[in-house]
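Geometric and topological summary
Here's the letter readout for the chains.
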Amino acid sequence: MSWLTVRGADERPSGLQGTVAVPGDKSISHRAVMLAALAEGTGTVEGFLPSGDCLATLACVRQLGIRVEHADSGAPTTLIIHGRGLRGLQPPEEPLDCRRSGTTMRLLAGILAGQSFGSVMTGAPGLLRRPMRRISDPLRRMGADIVDAEGRAPLKIQGNARLRGGEHNLSIASAQVKSAILLAGLYADGPVTVHQPGPARDHTERMLAAQLEPRAAEQAPIVYDAATVRLVPDAVGRLRALDRVIPGDLSSAAFLVAAALLRPESHVTLVGVGVNPTRIGLLDVLAEMGGQMGMALQREYGGEPVADVTARGSALHGTEVEGATVVRMIDEFPILAVVATQAQGRTVVRDAAELRVKESDRIASVVQELRKLGARIESREDGFVVEGPTQLHGAEVDSHRDHRLSMALTVAGLVAEGETTILGADCIPDSFPGFVETLQTLGADLRHGV
Ligand code: S3P
């Protein structure tokens, strides 16, 4: 098991300085590969995230008969994908291995539900523990024939199901569930409508809309807002092959923004970060806490807003996070908890019970590990409460095999006194390959071992 050792601010008190790019957005990378596979013809994807999770999607799509080339000599970031159209996928010879990636499994399940052939999806032990009824139930309601293992993977999906249109009222705001329904909806016999209780990320909607032929687009077969998405499959027709540039991942940038806010005299610029409104809840919360941040050079990559994000060392105060804001920052709670330990006063997180079914139980794991560093943090059923500020002390902490927890603990180590060691940090490249090197470029003192 590999570890990561971080030296705290007392031994290297300087602020973090510099301009860096973060790797491509994980959610958009998964979708770019899947939607390029379903397109008619060849498209390129630039800025693909070569992380464990997205490489799992790439391997699955290849198993489904899609030819993918990459121009890079090392990790693939520029892909050339030869799409075969909505009905061109080939039956896989082996079970599809989604490794540790929930997004791969849940989105691909939607696509596979609409195929003429059967398939089996499996993954690493951590993924096999995560809930899958949230997708198998709505897909069954559409007519799919799916066998799960008491609500978990492996999933066995029979081919040749006739999928029906209809209305779905989601009880949780989940982009993975919404996307599984929409992707299956491409194969349905009538309009599919999804009502969501909160503004879950809308990348699938934006990316599908960008792939419509101009004549299909005139009929607006995909219409969406924060509450509802409606897809009319007959009007979608063929999906066009596109050349896409993937924005940097805000959920990766979040760790660098937080590190800059917490280390006095820092000034960090992150170029080309995706700032889709359904993703930037953390930036809104940090600004409310007193964080000095900016967004410059706003532009668009393939329908997704992008900006250069800056952050400076700041004095912060506690805050309350609940409701729709939770949905817009669902992956950012481990790092928010770390920031809250350094903020003056109390930070309260509510309405975030979904954190319990992420890569780890992120309420329990964050509380358990931050306490080892001396944080005053308590769990609630649907969130946590942090009292700050606290001087953290370096200690040995555990990753729970959760990439975002590992990176949050790394940032905690950067503000703790002494040395912090994160055990099992080899999961960090699940979403942010090059995380350690990027922090080193900005002046942080950390090293990894095996
Ligand atoms: C994702 C949606 C979110 C998020 C995950 C990626 C996506 O999951 O936590 O990291 O790409 O659709 P939920 O849909 O379970 O909220």
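Quantities reported herein were computed from a predicted structural model and do not represent experimental measurements. (Residues numbered from 1 in each chain as written. Predicted model: local features only at pLDDT ≥ 70, side-chain atom pairs only at ≥ 80, totals over all residues. Heavy atoms only, no water.)

With respect to burial, helix H6 (residues 175-185) is a largely interior element, 11 of its 11 residues being buried. If you check which residues of H6 are buried, you get Ala175, Gln176, Val177, Lys178, Ser179, Ala180, Ile181, Leu182, Leu183, Ala184 and Gly185. Near the N-terminus of H6, the side chain that reaches the backbone nitrogen of Gln176, with its oxygen 3.3 Å away, is that of Ser174. (Buried < 20%, exposed > 50% of the residue type's maximum accessible area, 1.4 Å probe, protein only. Helix = DSSP H or I, 4+ residues; strand = E, 2+ residues; numbered from the N terminus. Polar contact = N/O pair within 3.5 Å; in protein donor to acceptor, adjacent residues only side chain to side chain.)

What follows covers the site of the ligand. Ser27, Arg31, Thr103, Ser174, Ala175, Gln176, Arg201, Ile330, Asp331 and Lys358 make up every residue found near the ligand. Residue Ser174 places a side-chain N or O atom 2.6 Å away from an oxygen atom belonging to the ligand. Between the ligand and Ala175 there is a distance of 3.0 Å, counted from an oxygen atom to a backbone nitrogen or oxygen. About the coverage of the ligand: the protein hides 96% of its 390 Å² of free accessible area. Elements supplying a minimum of two residues to the shell around the ligand: helix H1 (26-37) and H6. Its residues assigned to classes, the shell around the ligand comprises 2 nonpolar, 4 polar and 4 charged. (Near = heavy atom within 4 Å. Areas by Shrake-Rupley, 256 points an atom, 1.4 Å probe, with all protein chains shown as cover. Nonpolar A, V, L, I, M, F, W, Y, C, P; charged D, E, K, R; others polar.)

The next point concerns the sheet that holds strand S12 (residues 222-224). The pairing of strands in a sheet happens through backbone hydrogen bonds and is either parallel or antiparallel. With respect to topology, 4 strands assemble into an open sheet ordered S10-S11-S13-S12, the strand pairing being mixed. The open sheet has two edge strands with one neighbour each: strand S10 (166-169) and S12. Strand-to-strand twist in this sheet, taken as the mean axis angle between neighbours without regard to direction, amounts to 10 degrees. The pairing of S10 with strand S11 (residues 192-195) spans 4 bridges and is parallel. If you follow Glu167 over to S11, its bridge partner there is Thr193. The strands touched by H6 are S10, S11 and strand S13 (228-231); relative to S11, the strand with the most contacts, the crossing angle is about 175 degrees. (Pairing = 2+ DSSP bridges. Axes fitted to C-alpha atoms, helices over the stretch in contact; angles between N-to-C directions. Contact = heavy atoms within 4.5 Å.)

With 12 residues, helix H3 (residues 102-113) extends 17 Å between its outermost C-alpha atoms, agreeing within 8% with the 16 Å of an ideal straight helix rising 1.5 Å per residue. The element H3 is largely enclosed, with a buried count of 12 among its 12 residues. For H3, the full list of buried residues reads Gly102, Thr103, Thr104, Met105, Arg106, Leu107, Leu108, Ala109, Gly110, Ile111, Leu112 and Ala113. (Expected span 1.5 Å × (residues − 1).)

Let us look at the pattern of salt bridges. What the rule picks out here adds up to 28 salt bridges. With a closest N to O distance of 2.9 Å, Glu354 and Arg134 form a salt bridge. With a gap of 220 residues between them, Glu354 in the loop between strand S19 (345-349) and helix H14 (362-372) and Arg134 in helix H5 (residues 133-141) connect regions that are remote in the sequence. We classify Glu354 as buried; its relative accessible area is 19%. (Salt bridge = Lys/Arg side-chain N within 4 Å of Asp/Glu carboxyl O.)

Moving on: the domain arrangement of the protein. You can read the domains of the protein as domain 1 (3-24 + 247-449) and domain 2 (26-245). Taken over C-alpha atoms, the centre of domain 1 sits 29 Å from the centre of domain 2. Listed per partner, the contact involves 30 residues of domain 1 and 25 residues of domain 2. Of the roughly 2200 Å² buried between domain 1 and domain 2, counting both surfaces, carbon and sulfur atoms make up 48%. It is Arg279, Val327 and Asp430 in domain 1 that bury the most area against domain 2; as a group they hold 23% of the surface buried on that side. Between the two partners, domain 1 and domain 2, sit 3 salt bridges. Between Arg100 and Asp430 there is a salt bridge, and its shortest N-O distance comes to 2.8 Å. Seen at the junction of domain 1 and domain 2, the total is 13 residue pairs in polar contact (both at pLDDT 80 or more). (Domains from an automatic or database assignment. Buried area = accessible area lost by both parts, 1.4 Å probe.)

What follows deals with the packing of aromatic side chains. Using the criterion set out here, one finds 2 aromatic pairs in the structure. Here the aromatic cluster, defined as three or more aromatic residues joined through ring pairs, consists of Phe255, Phe432 and Phe435. (Phe/Tyr/Trp six-rings, centres within 6.5 Å; stacked < 30°, edge-to-face > 60°.)

In this section: the environment of Glu359. Checked against the element boundaries, Glu359 lands in the loop between S19 and H14. Given a relative accessible area of 25%, Glu359 falls into the partly exposed group. Considering only alpha carbons, one finds Glu359 and Leu297, 62 residues apart in sequence, at a separation of 34 Å. Aside from chain neighbours lying at most four places away, what touches Glu359 is Arg130, His400, Asp402 and His403. Within the local environment of Glu359, its side chain forms a polar contact with the side chain of Arg362, the two groups lying 3.1 Å apart. Within the local environment of Glu359, its side chain forms a polar contact with the side chain of His403, the two groups lying 2.9 Å apart.

Let us look at the environment of Ile280. Examined against the element boundaries, Ile280 turns out to sit in the loop between strand S15 (267-274) and helix H11 (281-288). According to the relative accessible area criterion, Ile280 is buried, its value standing at 11%. When the C-alpha positions of Ile280 and Ser251 are compared, they lie 8.7 Å apart, and in sequence the two are 29 residues distant. Non-local contacts of Ile280, meaning those with residues more than four positions away in its chain, are made with Leu250, Val275, Met295 and Arg328.

The subject of this paragraph is the side chain of Gln196. Within the secondary structure, Gln196 sits in the loop between S11 and helix H7 (203-210). Since its relative accessible area comes to 8%, Gln196 is described here as buried. Within the structure, Gln196 has its side chain in polar contact with the side chain of Lys178 (distance 3.2 Å). Contacts of Gln196, omitting those with residues within four sequence positions, involve Leu170, Lys178, Asp225, Ala226 and Ala227.

This next bit is on the sheet that holds strand S8 (residues 146-149). Pairing within the open sheet is mixed, and its 4 strands lie in the order S6-S7-S9-S8. Each of the sheet's edge strands pairs with one partner strand only, and the pair in question is strand S6 (96-97) and S8. For S6 and strand S7 (residues 119-122), the ladder comprises 2 bridges, and the chain directions are parallel. Bridge assignment links Asp97 to a residue of S7, and that residue is Thr122. The sheet contacts of H5 involve S8 and strand S9 (152-157), and relative to S8 the element is tilted by about 160 degrees.

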